[in-house]
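Working through the structure, step by step
The residues making up each chain are set out below.
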Amino acid sequence: METKIGSDILRVETAYILILMVCRPKLEPLVDYLMSIGKAIEKRKGANAEDVVGLARRLKRMLVELNEYDRARSLSKAFQLKEAL
């Protein structure tokens, strides 16, 4: 029974890695666009602070969903967001 569970987990992990390898190049333009939005938001830091921080939080969530943790972390540092990734 444990062997079957182990092989099932291995299959799921392998499928996930293959999906990332296939989808990653297709998603890269989206990630680049999100990062350009992040840079534009950083320039507006002084303007209406609550709105800008809200946009930064949403952008961080999108980056986390795309498994771009390093970029999400740098955005969190730039806006001093305290939420966990």
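Residues numbered from 1 in each chain as written. Predicted model: local features only at pLDDT ≥ 70, side-chain atom pairs only at ≥ 80, totals over all residues. Heavy atoms only, no water.

Of regular secondary structure, the protein chain possesses three helices and zero strands. Relative to its 85 residues, the protein chain shows a buried fraction of 22%. Pairs at least 24 apart in sequence give 56% of the contacts found in the protein chain among residues at least 6 apart. (Helix = DSSP H or I, 4+ residues; strand = E, 2+ residues; numbered from the N terminus. Buried < 20%, exposed > 50% of the residue type's maximum accessible area, 1.4 Å probe, protein only. Contact = heavy atoms within 4.5 Å.)

This brings us to unusual backbone geometry. Look at Asn67: it is not a glycine, yet its phi comes out positive at around 60 degrees. Tracing the backbone through its elements, the reader meets Asn67 in the loop between helix H2 (49-65) and helix H3 (69-79). Classification of Asn67 as partly exposed rests on a relative accessible area of 26%. Positive phi outside glycine occurs at Gln80, with the angle close to 55 degrees.

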